[in-house]
Amino acid sequence: MGNSNGAGTEFLDVAGGRLAYEVGGPQDGPLVVCAHGMGDTRRAFRFLAPRLAEAGYRVAAVDVRGHGESSTGWPDYSPQSVGADLLALVRHLGGPAVLVGSSSSAGAVAWTTATAAEGEVSAVVMLAPFVGRPQLSLILRLVQDLVMASPLLWGMYYRSLYPTARPADFSGYLRDLRATLREPGRMAAVSGVVAPSEGHWTDCAPRMTCPALIVMGSKDPDFPDPATEAHLAQEVLRPYAATAEVAMIEGAGHYPHAEMPEATFAALAGFLTGAVRA
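Note that this is a predicted model, so its numbers are computed, not measured.

K.L.:
So what exactly am I meant to see when it comes to the overall build of the protein here?
P.N.:
In terms of helices and strands, the protein carries 10 helices and eight strands. On C-alpha atoms alone, the protein measures out to a radius of gyration of 17 Å, which is about the 19 Å that the 2.2 N^0.38 rule sets for 278 residues. For the protein, the C-alpha atoms occupy an extent of roughly 50 × 40 × 35 Å along the three principal directions. Counting over 278 residues, the protein shows a buried share of 54%. In the protein, the share of contacts with a sequence separation of at least 24, taken over all contacts with a separation of at least 6, comes to 75%. Carbon together with sulfur atoms contributes 56% to the accessible area of the protein, which is approximately 11300 Å² in total. Each charge sign in the protein was given a centre, from 20 positive and 27 negative side chains, and these centres are 5 Å apart.

K.L.:
Would you mind going over unusual backbone geometry with me for this structure?
P.N.:
Apart from glycine, the bulk of residues carry a negative phi angle, and the bulk of peptide bonds sit in the trans form. For the bond from G95 to P96, the omega torsion is 5°, close enough to zero to count as cis. Positioned with a positive phi, S103 is a non-glycine residue whose angle comes to about 55°. Topologically, S103 is positioned in the loop between β5 (97-102) and α3 (104-115). Even without being glycine, A128 reaches a positive phi, approximately 55°.

K.L.:
Any chance you could explain the pattern of salt bridges here in plain terms?
P.N.:
Pairs may arise between side chains of opposite charge once their charged atoms sit close together. Counted by the stated rule, this structure contains 11 salt bridges. Between R186 and E183 there is a salt bridge, and its shortest N-O distance comes to 3.0 Å. Here R238 makes a salt bridge to E235, at a shortest N to O gap of 2.7 Å. Given the relative accessible area of 44%, R238 is considered partly exposed. A single network of salt bridges, built from pairs that share partners, joins E22, R42, D63 and E69.

K.L.:
What is the right way to look at the pairing of strand β7 (residues 212-217) in this model?
P.N.:
In regular strands, side chains alternate between the two faces of the sheet. By the criterion of burial, β7 is predominantly enclosed, with six of the six residues buried. By the alternation rule, side chains of β7 split into A212, I214 and M216 and L213, V215 and G217, which are all buried. Both strand β6 (residues 121-127) and β7 contribute to a ladder of four bridges, which runs parallel. The partner of V124 across the bridge, within β7, is A212. Relative to strand β8 (residues 244-249), β7 is paired through six bridges, and the arrangement is parallel.

K.L.:
Please clarify how the sheet that holds strand β3 (residues 31-35) should be interpreted in this entry.
P.N.:
Neighbouring strands of a sheet are bound in pairs by backbone hydrogen bonds; such pairs are parallel or else antiparallel. In spatial order, the strands read β1-β2-β4-β3-β5-β6-β7-β8; together these eight strands make up an open sheet with mixed pairing. Among the strands making up the open sheet, the edge pair consists of β1 (9-14) and β8. Strand-to-strand twist in this sheet, taken as the mean axis angle between neighbours without regard to direction, amounts to 25°. Relative to β6, β5 runs parallel, the two being bridged by six bridges. Following the sheet pairing, S102 is matched in β6 by L127. Its contacts with the sheet place helix α2 (residues 79-93) against β1, β2 (17-24), β3, β4 (58-63) and β5, and it is angled at close to 155° to β3. Across the sheet, helix α10 (residues 261-275) lies against β5, β6, β7 and β8, angled at about 155° from β6, the strand it touches most.

K.L.:
How should I be thinking about the packing of α2 against α3 in this particular structure?
P.N.:
Between two packed helices, the angle of one axis relative to the other and the distance separating the axes together describe the packing. It is at 7 Å that the axes of α2 and α3 come closest, and there the two elements cross at 60°. Taken together, α2 and α3 sit at an angle that is classed as oblique. Pair α2 / α3 crosses with right-handed handedness. Residues P79, Q80, V82, G83, L86 and L87 of α2 lie in contact with α3, whose contacting residues are S105, G107, A108, V109, W111, T112 and T115.

K.L.:
Mind showing me how you'd approach the environment of A258 here?
P.N.:
When you line up the elements, A258 lands in helix α9 (residues 256-259). Those residues in contact with A258, other than ones at most four positions away along the chain, are A44, F47, Y162 and P167.

K.L.:
For this particular structure, what's the right way to read helix α8 (residues 226-237)?
P.N.:
Every α-helix carries 3.6 residues per turn, so stepping three or four residues along brings you back to the same face. A rise of 1.5 Å per residue sets the reference length of α8, with its 12 residues, at 16 Å; its end C-alpha atoms lie 17 Å apart and thus fit the reference within 8%. Those residues of α8 not exposed but buried are P226, E229, A230, A233, Q234 and L237. For α8, the angular spread of buried residues about the axis comes to 140°, placing them on one side. Packed against the buried residues of α8 are β6, β7 and β8.

The rules we used
Residues numbered from 1 in each chain as written. Predicted model: local features only at pLDDT ≥ 70, side-chain atom pairs only at ≥ 80, totals over all residues. Heavy atoms only, no water. Helix = DSSP H or I, 4+ residues; strand = E, 2+ residues; numbered from the N terminus. Rg over C-alpha atoms; globule rule 2.2 N^0.38 Å. Buried < 20%, exposed > 50% of the residue type's maximum accessible area, 1.4 Å probe, protein only. Contact = heavy atoms within 4.5 Å. Areas by Shrake-Rupley, 256 points an atom, 1.4 Å probe, with all protein chains shown as cover. Lys, Arg positive; Asp, Glu negative; His and termini not counted. Charge placed at Lys NZ, Arg CZ, Asp CG, Glu CD. Salt bridge = Lys/Arg side-chain N within 4 Å of Asp/Glu carboxyl O. Pairing = 2+ DSSP bridges. Axes fitted to C-alpha atoms, helices over the stretch in contact; angles between N-to-C directions. Parallel < 35°, antiparallel > 145°, perpendicular 65-115°, else oblique. Left-handed = near helix turned anticlockwise from the far one by under 90°. Expected span 1.5 Å × (residues − 1). Arc of directions from axis to C-beta.

Put into structure tokens, the structure is as follows:
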């Protein structure tokens, strides 16, 4: 993650496979667990994690099941199952934890929060959460299936999600990402993330009572109106969460933590000061 305090890749065996993760920051700092989105790896947090560590947090970035250095061949890749993996990691590392979930993992951290015991999750940050289930036409579904089967096409799509400022290391990062996705079982995991599953993260909102922050890039191409999507998520959480805040990252796309890390860190730091250290 680019953090000198990290100990390198560690592994945790859970039901169905093995999770790879990396921890940085002071050992006595409040725990923050970061989970990337579909088709990515924990290196998506390579800019945000060091900033959080320097601010005094113990940051664990995990390769979600089937991705990165985590094992392949899992029975399913549903947000509920990923959420259970994250809860196992929190318990292994010793909570309470702040959960940060990007894109598909925003739904996973919601399930973690809803199923955790009281006090195990202190706050939740949802980066680019999907409130509704996408309704795709037959043609768009076929296009999606093609993208989900090809590391090359996935890379082209991934590039489009950074509309304003790609990181300086983006070309190398994308090359490494494609190489990882060419490993046996990796694209099956990507497809598995979007496979139909029972329940949606909004179903468990009544059990999400901790403080919540929704972070959305103002130019996120995955949403017709990113601000509207962010505030819809806020409205889902508002009746139940201790607090439900929205932070719009101006100019950012689907990965504000990688495209605009300084602005994203500022949003998280302000939220965490009140939510964790009050």
